Amino acid sequence: MRISRTATLAVAALSTLTLAACSSGPEAPDASSAAPSASAAPTGTVTVVTHDSFYVDDALLASFEEETGLTVELVAPGDAGALVNQLVLTKDAPLGDVVYGIDNTFATRATEAGVLAAYSPAAPAAADAASYAAPGAEDLLTAIDFSDVCLNYDLAAFPDGAPAFADLTLPEYAGMVSVTNPATSSPGLAFMLATIAATDEDGWLSWWEAMRENDVRVTASWSDTYYTDFSAPNYGGDFPIVLSYASSPPFEVVDGEPTTAAMLDTCFRQVEYAGVLEGAENPAAAELVVEWMLSDEFQAALPESMYVYPVSSSVEVPADWAEYAPLADTPTTLDPARIDAMRDEWIDAWTATVLD
Amino acid sequence: MTPAPASARLWWALAGVPLLFLGTFFLWPAATVLWRGLVGDDAGVGPGAGLAEAWAVLASSRTLRAIATTAWLALAGTAGSLVLGLPAAWALSRFSWRGSRTVRALVTVPFVLPTIVVAAAFSALFAASGILGGLGLDQSPVAIVLALVFFNVSVVVRIVGGAWEALPPGRSLAARTLGASRWRAFVHTTLPALRPAIASSAAVVFLFCSTSFALVLTLGGTRVRTIETEIWIQVNQFLDLRAAAVLALVQVAFVGLALWVSSRASHARAAAGVATARRRGPRGRERWAVAAALLPTLALLALPIAALVERSLRVVGGYGLDHYRALLVPPARTALPVPVWEAAVNSLVTALIATAMATVVGLVTAQLLAARSRRAGVLESLVMLPLGVSAVVVGLGLLLTLNRAVLGVDLRGSWWLVPIAQAVVALPLMVRALVPAARAIDPRLRAAAATLGASPWRTWWQVDARLLRAPAGASIAFAFAISMGEFGATVFVARPDRPTLTTAISRLLSRPGLDNAGMAFAAAVLLAALTAAVMLLSERLRTTVGAEL
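Residues numbered from 1 in each chain as written. Chains lettered and ligands numbered in written order. Predicted model: local features only at pLDDT ≥ 70, side-chain atom pairs only at ≥ 80, totals over all residues.

As recorded in an unreviewed UniProt entry, chain B goes by the name Iron ABC transporter permease, listed as coming from Demequina lignilytica.

In the annotation of an unreviewed UniProt entry, chain A is listed under the name Thiamine ABC transporter substrate-binding protein and assigned to Demequina lignilytica.

Quick word on the overall build of chain A
Per the secondary structure count, chain A includes 12 helices and 13 strands. Across the 356 residues of chain A, 55% fall into the buried class. The long-range fraction of contacts in chain A, counting pairs at least 24 apart against all pairs at least 6 apart in sequence, stands at 77%. (Helix = DSSP H or I, 4+ residues; strand = E, 2+ residues; numbered from the N terminus. Buried ≥ 20, exposed ≤ 12 C-beta atoms within 10 Å, placed from the backbone. Contact = placed C-beta atoms within 7 Å.)

A short note on the overall build of chain B
Tallying secondary structure elements over chain B gives 22 helices and two strands in all. Relative to its length of 549 residues, chain B is compact, with a C-alpha radius of gyration of 24 Å against a globular reference of 24 Å. In terms of overall dimensions, chain B has a C-alpha envelope of 65 × 60 × 45 Å along the principal axes. Looking at chain B as a whole, 55% of its 549 residues are labelled buried. (Rg over C-alpha atoms; globule rule 2.2 N^0.38 Å.)

Some remarks on the UniProt feature "domain: ABC transmembrane type-1" (unreviewed entry) in chain B
Per the UniProt record, the feature "domain: ABC transmembrane type-1" (unreviewed entry) sits at residues 67-259 and 344-538 of chain B. The span residues 67-259 of chain B is 78% helix and 0% strand, and its two end C-alpha atoms sit 18 Å from each other. (UniProt positions renumbered as here; feature names shortened; annotations may be inferred.)

What about the interface of chain B and chain A?
With 46 residues of chain B at the interface, the matching set in chain A holds 52 residues. Counting residues per element, the ones that place at least two in the side of chain B that touches chain A are helix H5 (115-126), helix H9 (214-219), helix H10 (227-236), helix H16 (391-401), helix H20 (490-493) and helix H22 (514-548) of chain B.

Considering helix H8 (residues 222-229) of chain A
By the criterion of burial, H8 of chain A is predominantly enclosed, with eight of the eight residues buried. When we look at burial in H8 of chain A, the residues that qualify are Trp222, Ser223, Asp224, Thr225, Tyr226, Tyr227, Thr228 and Asp229 of chain A.

Concerning the pairing of strand E5 (residues 142-154) of chain A
Residues and elements named next belong to chain A. With 13 of 13 residues buried, E5 is to be regarded as a mostly interior element. Where E5 and strand E12 (residues 268-277) come together, seven bridges link them in antiparallel fashion. When the bridges of E12 are listed, Ser147 appears paired with Gln270. Judged from the two bridges that link them, E5 and strand E13 (residues 309-310) form a sheet pairing that is antiparallel. Bridge assignment links Phe146 to a residue of E13, and that residue is Tyr309. (Pairing = 2+ DSSP bridges.)

Quick look at the nonpolar core
Val98 of chain A together with Val117, Ala147, Val160, Ala523 and Ala524 of chain B are the most contacted members of the largest nonpolar core, which has 295 residues in total. Taken together, domain 1 (30-146 + 270-319) and domain 2 (148-268 + 327-354) of chain A each give at least three residues to this core, which thus spans both. Aside from chain neighbours lying at most four places away, what touches Val160 of chain B is Gly85, Leu86, Ala89, Leu194, Ala197, Ile198 and Ser201 of chain B. (Core = buried A, V, L, I, M, F, W, Y, C linked by C-beta atoms within 7 Å. Domains from an automatic or database assignment.)

Here's the deal with the pairing of strand E3 (residues 98-103) of chain A
Residue and element names in this part refer to chain A. Burial analysis of E3 places six of its six residues in the buried class, the great majority of the element. Of the pairings in the sheet, the one linking E3 to E12 comprises five bridges and is antiparallel in character. By the bridge assignment, Ile102 is partnered in E12 with Tyr273.

With respect to the domain arrangement of chain A
All names here are of chain A. Its domain assignment divides chain A into domain 1 (30-146 + 270-319) and domain 2 (148-268 + 327-354). In this structure, domain 1 and domain 2 have C-alpha centres spaced 29 Å apart. Domain 1 puts 14 residues into the contact, and the matching count from domain 2 is 14 residues. Residue assignment for the side of domain 1 that touches domain 2 shows that the elements contributing at least two residues are helix H3 (80-89) and helix H4 (107-112). For the side of domain 1 that touches domain 2, the element with the highest residue contribution is H4, accounting for three residues. Residues belonging to the side of domain 1 that touches domain 2 are distributed by class as follows: seven nonpolar, six polar and one charged. (Nonpolar A, V, L, I, M, F, W, Y, C, P; charged D, E, K, R; others polar.)

A word on the packing of helix H14 (residues 340-369) of chain B against helix H15 (residues 374-388) of chain B
Residue and element names in this part refer to chain B. Between H14 and H15, the least distance of the axes is 9 Å, while the angle of their chain directions is 145 degrees. Handedness of the crossing formed by H14 with H15: left-handed. The segment H14 lies against H15, with Thr365, Leu368 and Leu369 engaging Ala376, Leu379, Glu380 and Val383. (Axes fitted to C-alpha atoms, helices over the stretch in contact; angles between N-to-C directions. Left-handed = near helix turned anticlockwise from the far one by under 90°.)

Observations regarding the environment of Trp97 of chain B
Residues and elements named next belong to chain B. Topologically, Trp97 is positioned in the loop between helix H3 (61-94) and helix H4 (100-112). Remark: the alpha-carbon pair of Trp97 and Gly281, spanning 184 residues in sequence, is separated by 5.4 Å. Setting aside its immediate chain neighbours within four residues, Trp97 contacts Gly281 and Pro282.

Considering the environment of Ser390 of chain B
Residues and elements named next belong to chain B. Looking at the secondary structure, you find Ser390 in the loop between H15 and H16. Ser390 sits in the buried class, given 27 other C-beta atoms within 10 Å. Each C-alpha atom, one on Ser390 and one on Leu51, is 21 Å from the other, the two residues being 339 residues apart in sequence. Discounting residues that sit within four places of it in the chain, Ser390 has contacts with Thr211, Glu228, Ile231, Ala248 and Gln251.

As for the packing of H4 of chain B against helix H6 (residues 141-166) of chain B
Residue and element names in this part refer to chain B. For the pair H4 and H6, the least separation of the axes is 7 Å and the interaxial angle reads 130 degrees. Looking at the two axes, H4 sits oblique to H6. Where H4 crosses over H6, the two elements pack in a sense that is left-handed. Contacts between H4 and H6 involve Val107, Thr108, Pro110 and Phe111 from the first element and Phe150, Phe151, Ser154, Val155, Val157 and Arg158 from the second. When the residues that make up the contact of H4 with H6 are grouped by side-chain class, the tally is seven nonpolar, two polar and one charged. (Parallel < 35°, antiparallel > 145°, perpendicular 65-115°, else oblique.)

Focus: unusual backbone geometry
Of note, Asp215 of chain A is a non-glycine position whose phi angle comes to about 60 degrees, a positive value. As for its position among the elements, Asp215 of chain A is in the loop between helix H7 (203-213) and strand E7 (217-219). Note on Asp215 of chain A: 11 C-beta atoms within 10 Å, which makes it exposed. Although it is not a glycine, Thr222 of chain B sits at a positive phi angle of roughly 65 degrees. On the basis of neighbour counts, which here come to 26 C-beta atoms within 10 Å, the residue Thr222 of chain B falls in the buried class.

Here is the structure:
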């Protein structure tokens, strides 16, 4: 229990001074942490609000803390879907200084509600990040990583190659596909958006209607679909086609042989952003965190730590990713503003078509 | 204890303990969510229009259907838990045999297992290729009811079994001597004496079932929608605080209804339990009766647990202990910042602190509720509320209220919120288990002690404390188990760098790979084993304490 915030800050500040005295100091001209806009080096504690899938290697975090003299506190009050809503509801007394994990399916809700403060990072990878930016919110959200949400299939069930997205409504695929509900699962929402982007605005519901006829299975969460339903040798469920990510197959390599693959014509590109929170107590430190997340060290660790692809083009992805987790050539995506305007309506229409 | 005017002041002074605790960590947060949803800024309109819209939410067919589904699922779950739990409570509280203690401990295990893992185990059982696949129950409401019974049968066994044990055999024996049949003696002497405990456990189970979340979503394949799942979706997906607040108020009405029915049913005063009946070995045909009473429950408990263990042993190309060995080292593929054993230590420490909090507040509250009065009724309802109100509302409320310094204490992001949230959840059960025992104490004992010159404290120590020791020991162990398994509220306040077993399991299950899934199931088995060990320990303590009385 922190008895008082000021006391903690004072202690943190003291330790910063000590650290600064015996290390190269926080002002060291290091590409990964020096923010030209910060007039004086920030001190104290910086609180990073994130989702419960966030993971950062201890050593990586420790070296950031040592370099900057900051103390990083992590709070993760729920899953990725809930994160934006919690930030909106706590806008008047923000949960922290900087957020990581807002994705393009919820980005506009966060920016419209004014929970983010403008900040444009200076790290070299910022140029790469810009190509993933949310239109209209380029100065509020910095892209950090991305992933492709795709159907995965059991290689043993389809020896002749990947089934095609357009064929899934055919009778021979009846009872083979398991997906997650877009109202309760973030990959489910992304996949629903993929079907909207892939077909025209009216066509998607008839696709889902045909899938319903074809006994598509709907579950509440990714782990139900993947761990319980997937027929891949590691799990032994009843469904050879399940909703997951393009990055999942490397984890299903058995004895050097892949057992699953992604259907690359069904992918929705999900981008995760970081941003400084409006009303942050330590905005300068928050900016340093955004810079750090674009640094080569942080970007290179992303595939192993969070199973996502780095936005930076100057870091390599692990060898098995290059081999077993190719990205979609032409992933679908939608304008975040349009997603935000239509999301609730689409989910209701989906529920009425597939479940009710 | 009919409180004299002088002791009224003492009553209110003591009532400050539960009121302050629940007020800060439950009522204020929950009320904040309701307020913002119904009349606050988030409404964007004046209070009048807000209420009209609230009514529209309530009257919508979607809401009414969710209410109806919740009511029948909870009723079916409660009925099932009583049908299985009462015979088991009889067998376990009246008889002892080699291994009966282990059975008593095992029966409590399901209650604390993380729902996500058990739901996965049940799904595997009901899947087309699963052991029970032939029943065609996959994604059906029946599957949900079975899982609800699996979780809650232990509540009935604990609460009713505790009261049954404290029941002096005298009256039932007298009836038998007077020529009553076994059944007649049971219906006319035992059953009325047990009625308060049965009603109490039924109310608890009903409330638990009505707020069940992960089970309903997972096993119902999101087709079955209850008040709780609707609240979750309104808050986390649609950001509609108004709808969530209206639904939360419906939950409060459910709590009121459950308490009202329960208090009507328990009007008969429990027999004064002074002596604890000794358990004995079953003789002759009793053996068959005991076996028949326990078998359905044990079968229902064994199947999913066996499925869980099977999954924890599954490795590439067969079975092995690899996932258990993996619990000792930091995960190779980084899903957790610490090895699972460290998360287990976090869980134990957190649960100990939560139990200490719940015990202090719970004992004081049970004492205050021992004598029935209007104010006791109000306090009892307040204490029960956390059982029936959505963890989403409480968790969100904690975020909204405690994310700034309160009276100079800043709990934001503090690790202390975890045991506090768990204690709030454990408290109602603690109180529920203690109150029937406290009420069963013959007031004449206290009067006798007072007549003999004992001070009020000495009376409490010599009479109440002594007689409450056995049920208190049992409910403390229960509170500990609940804290170990709590997830719904914990997830809002848990810290990513200090995972507990339940949050670690949920994180492991959010990553692909057989090793992550296997570790999640192995961690669940570890959680079950730890809980069973604590329960077994409490059974031992109980027996030694029982011998003293």
